[in-house]
2 protein chains.
Amino acid sequence: MTIYLIGIDGGGTSCRAAVAGPDGRILARAQSGPANILSDPDTALESIADATRAAFNAEGIDARCIGSARAVLGVAGNNVGDAVRHVKNRLPFPEADIESDGLIALQGALGNDDGAVAILGTGTIYISRQRNTVTYIGGWGFTIGDLGSGARIGHALLQETLLAHDGIHAISGVSGSVLAEFKNDPRNIVEFARQAKPGDFGRYAPRVFEHAKQGDAVAARLLKEAAVSVDEVLDRLVARGTQKICLLGGLGPLYPSWIAARHQNLLATPVGDALTGAVALAVSRFRHLKAIV
Amino acid sequence: MTIYLIGIDGGGTSCRAAVAGPDGRILARAQSGPANILSDPDTALESIADATRAAFNAEGIDARCIGSARAVLGVAGNNVGDAVRHVKNRLPFPEADIESDGLIALQGALGNDDGAVAILGTGTIYISRQRNTVTYIGGWGFTIGDLGSGARIGHALLQETLLAHDGIHAISGVSGSVLAEFKNDPRNIVEFARQAKPGDFGRYAPRVFEHAKQGDAVAARLLKEAAVSVDEVLDRLVARGTQKICLLGGLGPLYPSWIAARHQNLLATPVGDALTGAVALAVSRFRHLKAIV
């Protein structure tokens, strides 16, 4: 029986699966529901099985082959032992590795090259690989980390808007737009911020990039400050030997022009996405099994 | 019957009262329990009555005189109509004004002079008075305001400590002390920060001032950043005509050397405390009553 190789990219809103033959070529992809192994492991297990079955069906592969397939899963929370054990013991595959969502993103972006990825989304985390040693930097979350992230940029915009309202900083298009949105009442902004989760702040980040592009001085200042914090981490990566960096996440495509000149020549276009990375890891780890069976 | 004039300084941890004779001279002071009119108005009412009775007792004044006394109370939350109405209708005084804790602090610090106070504690708020017009700036709270406050300085120190742990910034005495306190495990810092209230962050602020004084470069950088945000508000106050500023609050005595040179000649020593200010306001507002009775 053919041993198929599965890649899974499990996220809080959806789970993506791809199935490859023993030669590593991707045959089909499919998607299912949420797969957060920390907050809801049983739903995650269902979503993982659903996405895998759908990928097999799409290619017309006998679903019984799932029982001999090998998989690599990339998920958030892969460092939480209990959650990983719970999920790993209940997967439909005889053998599987559960890795971080960052690692499969790195594999997808860099292929087998050494280098690093900066995942710049609602939060930020940096992952580098050199001669098979993988190092994580950051990823501490919004409260006292994630500098340069969408959540921090959005937070900075709301703070800036209060300063503009109080006449401490000059108002500009971007802070004026927030003030208008909150009916020119700073108490509405404060109340929103007190309830806001990182994602709520993060939704303001694209607006800062848009206004900065149009020449808004306040937006440009906020992005320069954010970019400094990203550049500081890139400096650290470079000092450790990184020579190639892919900017990923929702802000990945928006950030390059704000990154310092000294890092421009390091920036590389990702060769594939996280799902491709999960499949590639599954292929490299489990391909030898075809000889055994 | 003598109409005594009462000043009340009501705070979340204690309530202070002072009683003055019709000539405005303070006869006695006393203290009681918490007086937060927002979170616990009934306890606040008890504390206000307790502190007033204790002040009368201390001077041997007949407690029945409370029923003809006039008072000015300075409290947090004086702009919340419902809370003020609830408390005002139940005070033991036939007439009283409920003002902000900031206003009595301003009156205490400046006497009858025009000028401003910067209240630099766990939070920050700025209050200026010019020809009887009182203006408030800031005071929006920790989440997206209170720049330069103890809470923001402490928050910055914890964030800095994570950056030092990750090798992104150089470690120094002050960040090293935090890292050691959290057993060199950044997850402990992140967990603390996720649960921390502004006061919990604020408790780290004096440490930053101490290390900066001893020449710690990281502590000095954090304070320079904090002081820039204070100086920006002082610029605004100066632009509006303020010529005299008192720095109050727990950080008030620590901040002067960090304030920009352009503001040094504006800084003034407070002439009295908030309780003195409350009494002074009571005297100026209700002293005329002695003629009526």
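Residues numbered from 1 in each chain as written. Chains lettered and ligands numbered in written order. Predicted model: local features only at pLDDT ≥ 70, side-chain atom pairs only at ≥ 80, totals over all residues. Heavy atoms only, no water.

As recorded in an unreviewed UniProt entry, chain A goes by ATPase BadF/BadG/BcrA/BcrD type domain-containing protein and comes from Rhizobium favelukesii.

Asks: Quick question: what am I supposed to make of the interface of chain A and chain B here?
Replies: Interfaces are frequently sized by the accessible area removed from exposure as the parts join. Contacts between the two partners involve 28 residues from chain A and, on the opposite side, 28 residues from chain B. Together chain A and chain B conceal approximately 2,400 Å² of surface at their shared face, both sides included; 65% is due to carbon and sulfur atoms. Counting across the interface, chain A meets chain B through 0 salt bridges. For the interface between chain A and chain B, the tally reads 12 residue pairs in polar contact (both at pLDDT 80 or more). Only β8 (133–138), α4 (150–165), α6 (186–195) and α9 (217–239) of chain A provide two or more residues apiece to the side of chain A that touches chain B. The dominant element in the side of chain A that touches chain B, judged by the number of residues it contributes, is α4 of chain A, at 7 residues. Counted by class, the side of chain A that touches chain B contains 14 nonpolar, 7 polar and 7 charged residues. (Contact = heavy atoms within 4.5 Å. Buried area = accessible area lost by both parts, 1.4 Å probe. Salt bridge = Lys/Arg side-chain N within 4 Å of Asp/Glu carboxyl O. Polar contact = N/O pair within 3.5 Å; in protein donor to acceptor, adjacent residues only side chain to side chain. Helix = DSSP H or I, 4+ residues; strand = E, 2+ residues; numbered from the N terminus. Nonpolar A, V, L, I, M, F, W, Y, C, P; charged D, E, K, R; others polar.)

Asks: Is there a simple way to explain the layout of surface pockets in this structure?
Replies: Any empty space left between atoms is shown by rolling a water-sized probe over those atoms. All names here are of chain B. In this model, the second largest pocket occupies a volume close to 170 Å³. Lining the second largest pocket we find Leu-103, Gln-107, Asn-112, Asp-114, Arg-129, Asn-132, Val-134, Leu-281, Ser-284 and Arg-285. Only α3 (101–110) and α11 (274–286) provide two or more residues apiece to the lining of the second largest pocket. With 3 residues, α11 is the single largest residue contributor to the lining of the second largest pocket. (1 Å grid on protein atoms, 1.4 Å probe; cavity = no way out; pocket = protein on both sides within 12 Å on 5 of 7 lines; lining within 4 Å. Points joined across faces, edges and corners; volume = space filled by probe spheres on them.)

Asks: Mind showing me how you'd approach the pattern of salt bridges here?
Replies: Between side chains of opposite charge, a pair can form when the charged atoms approach closely. Under the defined criterion, the tally for this structure stands at 34 salt bridges over all chains. Its salt-bridge partner being Glu-181 of chain B, residue Arg-207 of chain B comes within 2.6 Å of it at the nearest N-O pair. With a gap of 26 residues between them, Arg-207 of chain B in helix α8 (residues 205–213) and Glu-181 of chain B in helix α5 (residues 173–181) connect regions that are remote in the sequence. Under the relative-accessibility criterion, Arg-207 of chain B is labelled partly exposed at 21%. Through salt bridges with shared partners, a single network forms among Asp-9, Arg-16, Arg-29 and Asp-273 of chain A. (Buried < 20%, exposed > 50% of the residue type's maximum accessible area, 1.4 Å probe, protein only.)

Asks: Is there a simple way to explain the packing of aromatic side chains in this structure?
Replies: Ring pairs (aromatic) are described by centroid distance and by the angle formed between their planes. All names here are of chain A. For the structure shown, the criterion picks out 10 aromatic pairs over all chains. Measuring from ring centre to ring centre gives 5.3 Å for Phe-142 and Phe-201, while their planes differ by 20°; the resulting arrangement is stacked. Here Phe-142, found in the loop between β8 and α4, pairs with Phe-201, found in helix α7 (residues 198–202); they are 59 residues apart in sequence, far enough to count as distant. When sorted by exposure, Phe-142 lands in the same class as Phe-201, which is buried. Through pairs of rings, three or more aromatic residues link up here, namely Phe-182, Phe-192 and Tyr-204. (Phe/Tyr/Trp six-rings, centres within 6.5 Å; stacked < 30°, edge-to-face > 60°.)

Asks: Teacher, can you tell me more about the sheet that holds strand β7 (residues 124–130) of chain A here?
Replies: Across a sheet, paired strands are connected by hydrogen bonds in the backbone, their directions being either parallel or antiparallel. Residue and element names in this part refer to chain A. Reading across the sheet, the 4 strands line up as β8-β7-β6-β9 and stay open at both edges, with mixed pairing between neighbours. On the outer flanks of this sheet lie β8 and β9 (245–248), each paired with one strand and no other. On average, each strand axis in the sheet is inclined to that of its neighbour by 15°, with strand direction left out of account. Two strands pair when backbone bridges link them, and strand β6 (residues 115–120) and β7 are joined in this way by 6 bridges, in the antiparallel orientation. (Pairing = 2+ DSSP bridges. Axes fitted to C-alpha atoms, helices over the stretch in contact; angles between N-to-C directions.)

Asks: So what exactly am I meant to see when it comes to the domain arrangement of chain A here?
Replies: In terms of domain boundaries, chain A breaks down into domain 1 (5–111 + 272–292) and domain 2 (150–264). Taking the mean C-alpha position of each, domain 1 of chain A and domain 2 of chain A sit 34 Å from one another. (Domains from an automatic or database assignment.)

Asks: When you look at the pairing of strand β6 (residues 115–120) of chain B in this model, what are you seeing that I'm missing?
Replies: In summary, the side chains of a regular strand alternate between the two faces of the sheet. All names here are of chain B. Burial analysis of β6 places 5 of its 6 residues in the buried class, the great majority of the element. Taking the residues that link successive antiparallel strands as the turn, the β6-strand β7 (residues 124–130) hairpin has 3 residues. With 4 bridges connecting them, β6 and strand β9 (residues 245–248) associate as parallel partners. Among the inter-strand pairings, Ala-116 is bridged to a residue of β9, identified as Ile-245.

Asks: Please clarify how the sheet that holds strand β1 (residues 5–10) of chain B should be interpreted in this entry.
Replies: All names here are of chain B. Spatial strand order, β3-β2-β1-β4-β5: 5 strands in an open sheet with mixed pairing. Strand pairing shows two members of the sheet lacking a second neighbour, β3 (26–32) and β5 (95–100), which therefore form its edges. Across this sheet, the average inter-strand angle for adjacent strands is 15°, counted without regard to direction. One ladder, built from 6 bridges, connects strand β2 (residues 15–20) with β3; its direction is antiparallel. Paired with Cys-15 across the strands is Ser-32, a residue of β3. Where helix α1 (residues 41–59) meets the sheet, it contacts β1, β2, β3 and β4 (70–75), and its direction lies at approximately 140° from that of β3.

Asks: Whenever I open this one, α6 of chain A confuses me. Can you help?
Replies: An α-helix turns once every 3.6 residues. As a result, residues three or four positions apart point the same way. All names here are of chain A. Within the sequence span of α6, burial applies to Pro-186, Ile-189, Val-190 and Ala-193. In an axial view of α6, the angular spread of the buried residues amounts to 100°, which keeps them on one side of the axis. More than 90 degrees from the buried face of α6, the exposed residues found are Arg-187 and Gln-195. If you follow the buried residues of α6, they end up packed against α4, α5 (173–181) and α7. Taking the backbone nitrogen of Arg-187 as reference, a side-chain oxygen 2.9 Å away marks Asp-185 as the first, capping residue of α6. (Arc of directions from axis to C-beta.)

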